[in-house]
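# Structural overview for review
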Amino acid sequence: MTDLASAAAPKMKTSWWRDDASEPVRRNLGLTGVLVALVVIGLVSAPDTFATSGNVLNILTQASAIGVIAIGMTFVIIGGGIDLSVGALTALSAVWCTTVATQGFGGGGMLFTALVVGTVAGTINGVLIAYGRLVPFIATLAMMVGARGLATKISNKQTQPVNVESINRLAENKLLGIPVLVLIFAGVTAVGWVVLNRTTFGRRTVAVGGNAEAARLAGINVRRQTVLLYALSGLCCGLAALMVVAQANAGSSSQGDLYELDAIAAAIIGGTTLTGGRGTVIGSLLGVVVFTTITNLFILNNLPTEVQNIVKGAIIVGAVLVQQFQPRDLFRKR
Amino acid sequence: MTDSADTPVDGPPLLTLTEVVKTFPGVRALDGVELTVRQGEVHCLLGQNGAGKSTLIKVLSGAHRPDAGQITWQGRSVSFADPQAAMRAGIATIYQELDLVPDMTVAENILLGHEPRTAGFVRRGAMRAAAHTALTRLGHGEIPLGRPVGRLPAAAQQIVSMARALSREARMLIMDEPSAVLAHDEVSNLFRIIRELRDQGIAVVYISHRLEEIRQICDRVTVLQDGRTTAADLPATTPTAELVGRMTGRTLEHVFPPRPPRAPSGELLRVEGLTRHGEFSDASFTVGPGEIVGIAGLVGSGRSELLETVFGARRPDAGHVLVDGRRLKPGSVAAAVRAGLGLAPEERKSQALLLGEPVQNNIGLASLSRHATAGFVRRGAERAAATEVADRLELRPQDVGRRARTLSGGNQQKVVVGRWLLGGTRLLLLDEPTRGVDVGARAELYQVVRSLAEDGVGVLLVSSEVPEVLGLADRVLVMREGRIVHEARAEEIDEHTVLDLVMAGSLLEGAAQ
Ligand SMILES: Nc1ncnc2c1ncn2[C@@H]1O[C@H](COP(=O)(O)OP(=O)(O)OP(=O)(O)O)[C@@H](O)[C@H]1O
Ligand SMILES: [Mg+2]
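Residues numbered from 1 in each chain as written. Chains lettered and ligands numbered in written order. Predicted model: local features only at pLDDT ≥ 70, side-chain atom pairs only at ≥ 80, totals over all residues. Heavy atoms only, no water.

### Section: the overall build of chain A
Our working rule: Helix and strand definitions here come from DSSP, where helices need a minimum of 4 consecutive H or I residues and strands a minimum of 2 consecutive E residues; each element is numbered from the N-terminal end. A 1.4 Å probe rolled over the protein chains alone gives each residue an accessible area, and that area as a share of the maximum for its type sets the label: buried under 20%, exposed over 50%, partly exposed in between. By the convention used here, residues are in contact when the closest approach between their heavy atoms is within 4.5 Å. Surface accessibility in these figures is a Shrake-Rupley result with a 1.4 Å probe; residues are shielded only by whichever protein chains are displayed.
Within chain A one finds 15 helices and four strands. Residue burial in chain A is summarised as follows: out of 334 residues, 51% are buried. Long-range pairs, those at least 24 residues apart, make up 77% of the contacts in chain A between residues at least 6 apart in sequence. Carbon and sulfur atoms provide 67% of the accessible area of chain A, an area that totals close to 14900 Å².

Structural data, given as structure tokens:
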């Protein structure tokens, strides 16, 4: 009876290119194309300034804080949620870690405070969503408003200058010629990729976002995973807050304004689907870099910011359209 | 039952397919299919899982475009750009996975996409009337028009699906495994409806893996193997052995593996007075190590709910579940999985599969930590384990890197069951494990379940197919309206007795009040 097993389906040879395995690459292809186009525009419109190593590092430095947040956001969205509070959590962490009292503990104390504040607030988001059964949109919207308010209250609407030497120097510090902030961004991206693609945590994230009921019936603790995802996003905000503070040499409740929109947009144009279960860290990285490059081009060419936002809007739509269009459609016989 | 094969229809062909080819990346799903359907006949499509049946009907219904080949409909060569075009031409389809909108009402679902309207406003009265007419024509005018479809039992949903197809003046009705979700008496009702439609001159294309149904309902049979037609227009009287031979290229000797002579001893699972109000009450039974216990009953008799409650996916109102004499934490799947329980749920798409993920990840989902070191998944080990399971269950294609979405219905089912074969499962709860699985793979699956039992795994099996319960299980529980009404050793009870015990009031009538 076992010989029934030998009937195999007819197989066709397919190139790697048309295979499932290449899908992440194909999905990021459009975005890479956009980036290449932007570089070409930069080379043409600002030949002297665009391609300098100083400018490239400048772009990456600009991208670093928002990039760290976008990585956390990517996990939340893949897990089937959304986090609107990231900008506010960045402000709250920034303010909390720059109070006079906290600064007394030095750079390490400030980092610790920022991370703890972000993580705790993120955990509250997660608990409200997983155990309080609030819709992610509502829970994080409330946190967005509340955390920004708390940040304003703590700082008393004042900008809090930083007097800690190590933090003030952080933004200028370089390692092997690369700014430390960029290295942090690169490190977070690498860790994010590994966690998403190689660990059980990543698998669970995809499962919970892709089909929560299936995940539950497979024995995965969906609620716990949800809490962890929002805590992770909060942790990223805490880290980003310190990076923002280091760049401004100050903490203020207006920092991180509209970061939630940039982070969500970066993840979306990077191929992460809002319905959950699908997305890549590399896509979000490219998304952030594309946005920052656009800003950079506008500054180099002295163009008004209104136009810049129009272009960004167009890019969001364009990138999503490109992702839906699979290159293999090109080769298909009709 | 009438033997429809006595009156073969020989009208002009309504539909002819020649040399139809459809490829997906990596698979030639259809590789030169020939099919002729005549007016007023019931035409069955047979073939193993992944043979291309669903793909074929998707080509017919305009959901897929063929790469090559010709479709002739009512004498003219056609090419349907989309499902709307096929519907306008008179081809209605009921897909393998029901495609109703659960939150919309019965009437809204039936008229979805072609609601009677005036200046953009739906004429609700006309809509209800049209929906009622369609349901009455199917002999089910009692189904409440205003009820959300998601709250109807499976059989009634099926009727709604058919009513939707009929409300479009179809000349041909395609049904992809409609009986898979139905219980025994509901299947006979379905057959009655199909015969009536046939007598009204409508052609029906019918797909099923239950060979005994072929003889009951079909006029002619076309067999597919690996995307090719291997036999066309066979009479329905063709012996089963020959049909199986044409499908698989081999013969199938026995379906159910023999039971071991020794009665299993000991106790693995004990369920005491388990109750969920409105679903089932006072369920008490045991499962021993190495024992297969089958639960027979109608769809809606509370079997799936009972299974899910044992597994901790639902919280009981009373009673408890003990594994090895220790109480399981109620309502906790994690506790159940830790104790070695595994559940292959009824609804594979909504309850079990990550459709966008590879088969490997789907099979590995319940044993992530077993194939991980310090939180890192050992993908090689996972792949090897998944491949072995795929091998055991005859997954086609066997490649575990394919996305679950691209597998045929029966093969998706194998992935769901396969998840719990990775080891560590001591008590396997199977809810309709062979739904949509072909004869060959079914025999293989039974063999796998029996060999698991021989290794000491306890199995609790729910199935709407009474012969399956009787053939595979050592002991049988019969459920009716949420209560276990009978318990017997499988050898000591026959199909007839089980059906008598089970049939006290059908579900469709239940939906009427
Ligand atoms: N969207 C898709 N992408 C890639 N491959 C596909 C897709 N849909 C179907 N296939 C493949 O085409 C083949 C035929 O599948 P199909 O669903 O037609 O089988 P079937 O005869 O209906 O099987 P079953 O009895 O299990 O329902 C299978 O090998 C399947 O994996
Ligand atoms: Mg099918």
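Resuming the write-up.
### Quick notes on the site of ligand 1
Residues and elements named next belong to chain B. This is how it is decided: By convention in this text, a residue qualifies as near a molecule or strand provided that one of its non-hydrogen atoms is within 4 Å of it. The definition of a polar contact used here is a pair of N or O atoms within 3.5 Å, where within protein one atom must be able to donate a hydrogen and the other to accept one, and adjacent residues in sequence count solely through side-chain atom pairs. In this classification, Asp, Glu, Lys and Arg are treated as charged, Ala, Val, Leu, Ile, Met, Phe, Trp, Tyr, Cys and Pro as nonpolar, and every other residue, Gly included, as polar.
Near ligand 1 there are 21 residues, and of these S54, T55, H209, T406 and S408 occur at the shortest range. Within the contact set of ligand 1, an oxygen atom lies 2.8 Å away from a backbone nitrogen or oxygen of G50. One nitrogen or oxygen atom from the side chain of T55 is found 2.5 Å from an oxygen atom belonging to ligand 1. In isolation ligand 1 offers 640 Å² of accessible surface; the protein chains occlude 90% of this area. Of all the secondary structure elements, the ones that give two or more residues to the shell around ligand 1 are β2 (27-38), α1 (53-60) and α14 (409-418). Of the residues that constitute the shell around ligand 1, the class distribution is six nonpolar, twelve polar and three charged.

### Considering the nonpolar core
Filter applied, for reference: Note on terminology: a nonpolar core comprises buried Ala, Val, Leu, Ile, Met, Phe, Trp, Tyr and Cys residues joined through side-chain atoms within 4.5 Å.
Of all hydrophobic cores here, the largest spans 73 residues; its most connected members are L269(B), F311(B) and L341(B). Among the elements that take part in this core, helix α15 (residues 439-454) of chain B stands out by supplying six residues, more than any other. Discounting residues that sit within four places of it in the chain, F311(B) has contacts with L217(A), S332(B), V333(B), A336(B), V337(B), L341(B), G342(B), L343(B), W420(B) and L429(B). Membership of the second largest hydrophobic core comes to 57 residues, among which are F75(A), L92(A), V162(A) and A240(A).

### Here's the deal with the packing of helix α2 (residues 53-78) of chain A against helix α12 (residues 259-269) of chain A
Helix packing geometry: the angle between the two helix axes and the distance between the axes. Residues and elements named next belong to chain A. Filter applied, for reference: Axes here refer to lines fitted to C-alpha atoms; in helices the fit is confined to the stretch in contact. Angles between the N-to-C directions go from 0 to 180 degrees. The handedness criterion is simple: a crossing whose near helix is rotated anticlockwise from the far helix by less than a right angle is left-handed, and one whose near helix is rotated clockwise is right-handed.
Look at α2 against α12: their axes get within 8 Å of each other, and the N-to-C directions meet at 65 degrees. In this structure, the crossing between α2 and α12 has a hand that is right-handed. Where α2 abuts α12, its residues I66, I69, A70, M73, T74 and I77 lie against Y259, E260, D262, A263, I264, A266 and A267. Split by residue class, the contact of α2 with α12 holds ten nonpolar, one polar and two charged.

### Observations concerning the state of the cysteines
The criterion, for reference: Cysteine sulfur pairs qualify as disulfides if the two atoms are within 2.5 Å.
Per the stated rule, a full pass over the model turns up one disulfide over all chains. Disulfide pairing places C44(B) opposite C218(B) at an S-S distance of 1.5 Å. Residue C44(B) is located in strand β3 (residues 42-46), and its partner C218(B) is located in the loop between α7 (211-217) and β11 (220-225); the two are separated by 174 residues in the primary sequence. Like C44(B), the residue C218(B) is buried in the burial classification. Considering cysteine sulfurs only, C237(A) is the nearest to C97(A), which forms no disulfide, with 13 Å between them.

### With respect to the sheet that holds strand β9 (residues 172-176) of chain B
All names here are of chain B. To be explicit about the condition: By the convention used here, strands pair only if DSSP detects at least 2 bridges between them.
Read from one edge to the other, the open sheet built from six strands follows the order β6-β9-β10-β3-β11-β12, with strand pairing classed as mixed. The open sheet is flanked by β6 (91-94) and β12 (228-235), the only strands paired with a single partner. Across the sheet, the axes of successive neighbouring strands diverge by a mean angle of 15 degrees, strand direction being ignored. Note: β3 against β11, four bridges, orientation parallel. Among the inter-strand pairings, L45 is bridged to a residue of β11, identified as T222. Seen against the sheet, helix α6 (residues 184-199) touches β3, β9 and β10 (203-207) and runs at an angle of roughly 150 degrees to β10. Against the sheet, helix α8 (residues 240-248) contacts β3, β11 and β12, and its axis sits at roughly 35 degrees relative to β11.

### Quick notes on the environment of T286(B)
Along the chain, T286(B) turns up in strand β14 (residues 280-287). What T286(B) contacts, discounting residues up to four positions off in sequence, is E267(B), L269(B), R270(B), E291(B), V293(B) and R475(B).

### What about the confidence of the model for chain A?
Residue and element names in this part refer to chain A. Let me state the cut-off plainly: pLDDT measures the predictor's confidence residue by residue and takes values from 0 up to 100.
Across chain A, pLDDT averages 87, with 88% of residues at or above 70. The model gives residues 1-13 a pLDDT under 50, and that stretch makes 33 contacts with residues more than four places away or in other chains. In this model residues 327-334 is a low-confidence stretch, pLDDT under 50, and it forms nine contacts with partners more than four residues away in sequence or in other chains.

### As for the packing of helix α8 (residues 180-198) of chain A against helix α13 (residues 281-300) of chain A
Residue and element names in this part refer to chain A. The condition that has to hold: For classification, angles of less than 35 degrees are called roughly parallel, those exceeding 145 degrees roughly antiparallel, those between 65 and 115 degrees roughly perpendicular, and all remaining angles oblique.
At a minimum axis separation of 9 Å, α8 and α13 run at an interaxial angle of 150 degrees. Taken together, the axes of α8 and α13 lie roughly antiparallel to each other. Contacts from F185, T189, G192, W193 and L196 in α8 reach V281, I282 and L285 in α13. Its residues placed into classes, the contact of α8 with α13 shows six nonpolar, two polar and no charged.

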